[in-house]
Structures are given as structure tokens and as C-alpha cells.
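Here is what each chain is made of, one letter per residue.
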Amino acid sequence: MIPDSDYFKQARKKMVKEQIRKRGVKDPRVLDALLTVPRHLFVEKSLQKEAYEDRPQPIAEEQTISQPYIVAAMTEWLNPFPESRVLEIGTGSGYQAAVLALLAREVYTVERHRALHLEAAERLKRLNFHQVICVLSDGSLGYEAAAPYDGILVTAGAPHIPEALLNQLNDGGVLVAPVGDRRHQRLIRITRLGDEFVREEGTPCRFVPLIGNQGWPEK
Ligand code: SAH
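Residues numbered from 1 in each chain as written. Predicted model: local features only at pLDDT ≥ 70, side-chain atom pairs only at ≥ 80, totals over all residues. Heavy atoms only, no water.

K.L.:
I would appreciate a short explanation of the sheet that holds strand β5 (residues 132-136) in the present structure.
P.N.:
Note: strands within a sheet are paired through backbone hydrogen bonds, in either parallel or antiparallel orientation. Strands sit in the order β5-β4-β3-β6-β7-β8-β9 across an open sheet of 7 strands; the sheet is mixed. Each edge of the open sheet is held by one strand with a lone partner, namely β5 and β9 (196-205). This sheet shows a mean twist of 15° between the axes of neighbouring strands, independent of strand direction. With 8 bridges connecting them, strand β8 (residues 185-193) and β9 associate as antiparallel partners. Each residue of the ladder has a partner; that of Leu193, found in β9, is Glu196. Packed on one face of the sheet, helix α3 (residues 68-78) meets β3 (85-89), β6 (149-154), β7 (169-180), β8 and β9 and runs near 150° to β7. Seen against the sheet, helix α5 (residues 114-126) touches β4 (106-111) and β5 and runs at an angle of roughly 165° to β5. (Pairing = 2+ DSSP bridges. Helix = DSSP H or I, 4+ residues; strand = E, 2+ residues; numbered from the N terminus. Axes fitted to C-alpha atoms, helices over the stretch in contact; angles between N-to-C directions. Contact = heavy atoms within 4.5 Å.)

Structure (C-alpha cells):
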């Protein structure tokens, strides 16, 4: 097994200090998770050395693994607790799911591309993230089978917050999603308080589109 080394550990330390703390992410649990998860093992071998740079990286199926800072900022905003059950929409490489797995009790992650789903599931198992359950389906409809969730994190850009996801939030639960047009979005946080949904706006961002029933059409 490789897979970690002093080289990559140093790269993670630098990433957390210069890209994440500097931009204001403070939660020590989040910083620790970003220091721990071997991000270079979530990208293709030829890109491993670039994995800790301050930008998203390409993965298969024309998708991307998000920029480290965005992963940290979204995770801090979601604020999962050790007892939380969390749903992620958009498994991609599985990196964000691995970060969540260090902070929550159970993580469900949904992906629509079979190849990405299979690869991420295999990778998370190999790296011992056994508390992550990978699901192949249209995540714009959430994942009813394990609802309700204390946290829902959407990692693909949506035209609006999918109604199905709001319905799968626990009372007190929090949803974080990028919402906007196909190319530009803003992070939105919704907190469910009984029948009320409190909405806050966060930082501008750019995600690949959420494609599906309550997302964008395929083309
Ligand atoms: N969280 C990922 C990066 C997400 S990229 C990581 O850490 O690597 C966005 C992902 O959302 C892509 O893999 C894309 O295929 C997926 N996606 C887009 N629409 C989706 C949908 N309706 N349901 C599930 N996954 C979707």
C-alpha cells in the first residue's frame, strides 16, 4: 500500500495553512480532517503531485474534485456532529465523503455516473472509510431510504434547492448547496426548524451541474 508519505503530509500541512486557515476556516475538526484525508489518492496517478494545489482537479466523466478550500468551507458551514447522519449528493472521487466520514457517524453519498460511483466505492473501502455508503442514483431526489438526515451537502450546482432534499432534512437539520446558473453559483445554507426553512447566502462558487429530475436537464 502506498500511499502516504512525508512529501504528501507536508503538502497537506501547507494546503491547510495557506489555503484554508488563511481564508478563515477555523473549526479544528474540519482542519484536522483536511490534514488527515490523503487527497492525492482521490485523483489519477498522473495528477497526484498537483492534488494539493489551490484549485479543483479533473476526475473521470468530465467531472471535478472540488478545490480544497471549498470542501473545507462547505464542511464547516454544514457543521456535522459526531452523531450526525449526513447525505452527500455528487460522490465524484469520494474525497468530500471521506472528509465528512471523519466528522459524522454515517455518510450516505449519491452519484449518477456508474463508473465514478464504482471507483469511489472501491477507493473508500480500500482506504477504510467503512462508514460511507455509496449509492448509484439521481441524487436530486435525495435518498429516501435512509432519511431523515441531520446534514445534506450538495456538491453539484443546482438551479434551485430540490424540494425532495428539504423533505429529507431532520428538524434542526442543515443543508448546504451551490445554487445559481449552470456556470456560476452561490453557496446557500438552509436550516430546518420544524416547518420553517431559514435561508442564508454564502460565498460565490463554481460547480459542475446537478443533472437530474430536480436539477438541470442532461444537455
Ligand atoms: N464531491 C465530489 C466532487 C463532486 S463533482 C468529490 O469530493 O470528489 C459533482 C458530482 O456530482 C459529479 O461526480 C457528478 O457526476 C455528480 N452529479 C451531478 N448530478 C447528480 C445527480 N443528480 N445525482 C448524483 N450525482 C450527481
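K.L.:
So what exactly am I meant to see when it comes to the pattern of salt bridges here?
P.N.:
Side chains that carry opposite charge are capable of pairing whenever their charged atoms lie near each other. One pass over the full model with this rule turns up 13 salt bridges. Of the charged contacts in the structure, one is a salt bridge between Glu53 and Arg55, with a shortest N-O distance of 2.6 Å. Residue Arg189 is joined to Glu200 by a salt bridge in which the shortest nitrogen-to-oxygen separation is 2.9 Å. Residue Arg189 is located in strand β8, and its partner Glu200 is located in strand β9; the two are separated by 11 residues in the primary sequence. Here the salt bridges do not stand alone but share partners, grouping Glu83, Arg85, Arg105 and Glu106 into one network. (Salt bridge = Lys/Arg side-chain N within 4 Å of Asp/Glu carboxyl O.)

K.L.:
How should I be thinking about the packing of aromatic side chains in this particular structure?
P.N.:
When we look at a pair of aromatic rings, we describe it by the centre distance and by the angle of the planes. Applying the stated criterion across every chain, the model contains 5 aromatic pairs. Ring geometry for Tyr108 versus Tyr149: centroids 6.1 Å apart, planes at 65°, classification edge-to-face. Remark: Tyr149 occurs in strand β6 and Tyr108 occurs in strand β4; sequence separation between them is 41 residues. The same class applies to Tyr108 as to Tyr149, namely buried. A connected cluster of aromatic rings, assembled from ring pairs, spans Tyr7, Phe8 and Tyr52. Directly above the aromatic system of Tyr69 lies the positively charged group of Arg23, at a separation of 5.2 Å from the ring centroid. In this arrangement the basic side chain of Lys49 is found over the ring face of Tyr7, its NZ or CZ atom lying 5.4 Å from the centre. (Phe/Tyr/Trp six-rings, centres within 6.5 Å; stacked < 30°, edge-to-face > 60°. Buried < 20%, exposed > 50% of the residue type's maximum accessible area, 1.4 Å probe, protein only. Lys NZ or Arg CZ within 6 Å of the ring centre and 35° of its normal.)

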